[in-house]
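Here's the letter readout for the chains.
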Amino acid sequence: MNSTQGGEISVSPPETLVKFDAPLFAGIEPNEKSAHKNNHQETGSKIEDMLNSMIPPREWIEESGTWVQYACKEPASRLDVISLQEQLDKKLSERKARENGICPVREELYGQCLDELIRHVTLDGPERGLLLMRTRDEIRMTIDAYKTLFASSVTFGIKKQLRAEQGIPELEAQVAEIEAEKTALELEVYELRSKLDIVEKREAERKAADDKRRKEELDFLKFQGQHLESFLKQMSAAK
């Protein structure tokens with residue numbers, strides 16, 4: 001919580017790892033522009049303008065009105081870097097950020113940490129700050145592209161799933177029809193096999209009866225032949 005205007009008004013800026021100047025009153029309504037903001041833009045140096053383009057001023061609304069904060073123009077020391085690391089670790093622990101995988105909290109805090117480091121480097125060397133800003137923006141654009149691609153793939157997957165689910169009743173009806181046809185064919189096969197077994201059994205019985213009849217006839221003919229031969233021998237002997 002910061003106090004402005006001699007402690008008369010208490011302001012609670014949103015928490016961030018980026019170091020900002022003291023809050024400035026921007027007006028009662030969000031679209032109002034205060035004299036502090038206009039003077040800040042008119043009298044800003046080239047480094048300040050560059051820093052404000054890299055880390056845009058932030059605005060928020062409280063009961064007292066709209067407030068604005070600009071990135072701090074004080075160069076960072078070694079102690080500031082150590083303090084930034086400690087604050088980052090503390091925020092990660094307090095907000096229970098995940099150590100692995102996708103975590104919006106961790107992404108937000110590391111983004112704020114990168115912005116603060118860009119502020120440090122820009123105040124020390126504007127050219128390096130610009131290069132870091134380009135790298136940061138490129139990384140964010142790549143992440144946003146991956147997010148868009150992921151959202152599109154999820155939408156496409158949902159559409160494909162809905163289309164597949166729409167055809168499920170027809171497929172189920174076709175499956176039931178095919179299963180009924182399969183059952184009818186299996187019953188027909190069973191009936192044909194039963195008829196085949198009956199025909200084979202009857203044919204085997206008929207064949208056995210024919211073989212038996214032929215054997216009996218053959219035995220009878222052999223007996224008659226033997227009897228006739230014996231009779232002929234007796235007739236020959238009597239002459």
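Refer to the structure above for everything that follows.
Residues numbered from 1 in each chain as written. Predicted model: local features only at pLDDT ≥ 70, side-chain atom pairs only at ≥ 80, totals over all residues. Heavy atoms only, no water.

Novice: Where do I start with the pattern of salt bridges in this structure?
Specialist: One side chain can pair with another of opposite charge once the charged atoms of both are near each other. Counting across every chain of the model gives 20 salt bridges. Across the salt bridge formed by Lys 19 and Glu 74, the nearest N and O atoms sit 3.7 Å from each other. In this pair, Lys 19 is assigned in the loop between strand E2 (9-11) and strand E3 (24-27) and Glu 74 in the loop between strand E5 (65-69) and helix H3 (78-94), connecting sequence segments 55 residues apart. Overall, Lys 19 belongs to the partly exposed group, its relative accessible area being 36%. Residue Arg 213 is joined to Glu 217 by a salt bridge in which the shortest nitrogen-to-oxygen separation is 3.3 Å. Pair noted here: Arg 213 and Glu 217 are both in helix H6 (residues 168-238), with a separation of 4 residues, about one helical turn. Among the residues examined, Arg 213 registers a relative accessible area of 40% and is labelled partly exposed. Note on Glu 217: relative accessible area 42%, which makes it partly exposed. Taken together, the salt bridges that share partners define one network made up of Glu 203, Arg 206, Asp 210, Arg 213 and Glu 217. (Salt bridge = Lys/Arg side-chain N within 4 Å of Asp/Glu carboxyl O. Helix = DSSP H or I, 4+ residues; strand = E, 2+ residues; numbered from the N terminus. Buried < 20%, exposed > 50% of the residue type's maximum accessible area, 1.4 Å probe, protein only.)

Novice: Where do I start with the sheet that holds strand E4 (residues 58-62) in this structure?
Specialist: Within a sheet, neighbouring strands are paired by backbone hydrogen bonds and run either parallel or antiparallel to one another. An order of E3-E5-E4 is seen for the 3 strands of this open sheet, with the pairing classed as antiparallel. Taken across any chain shown, the strands that pair with only one partner, and hence form the sheet edges, are E3 and E4. On average, adjacent strands in this sheet sit at an angle of 35° to one another, irrespective of strand direction. Across 3 bridges, the pairing between E3 and E5 is antiparallel. (Pairing = 2+ DSSP bridges. Axes fitted to C-alpha atoms, helices over the stretch in contact; angles between N-to-C directions.)

Novice: What exactly am I supposed to notice about helix H5 (residues 126-166) here?
Specialist: An α-helix turns once per 3.6 residues; consequently, residues spaced three or four apart project the same way. With 41 residues, H5 ought to run about 60 Å at 1.5 Å a step, and its terminal C-alpha atoms sit 59 Å apart, in line with that. Of all the residues in H5, the buried ones are Gly 129, Met 133 and Arg 136. Buried residues along H5 sit against helix H2 (46-54) and helix H4 (104-124). (Expected span 1.5 Å × (residues − 1). Contact = heavy atoms within 4.5 Å.)

Novice: What's the story with the nonpolar core in this structure? I'm lost.
Specialist: For soluble globular proteins, the rule of thumb is that nonpolar side chains tend to be buried together. Core analysis: the largest hydrophobic core is formed by 10 residues, namely Val 18, Phe 20, Met 50, Leu 51, Met 54, Ile 55, Ala 71, Ile 118, Leu 123 and Met 133. Of all the secondary structure elements, the ones that give two or more residues to this core are H2 and H4. Of the residues forming this core, the biggest block, 3 residues, is contributed by H2. Dropping the residues within four chain positions of it, Met 50 is found in contact with Thr 122, Pro 126 and Leu 130. In this structure, Leu 17, Leu 84, Leu 92 and Ala 97 belong to the second largest nonpolar core, which totals 8 residues. (Core = buried A, V, L, I, M, F, W, Y, C linked by side-chain atoms within 4.5 Å.)

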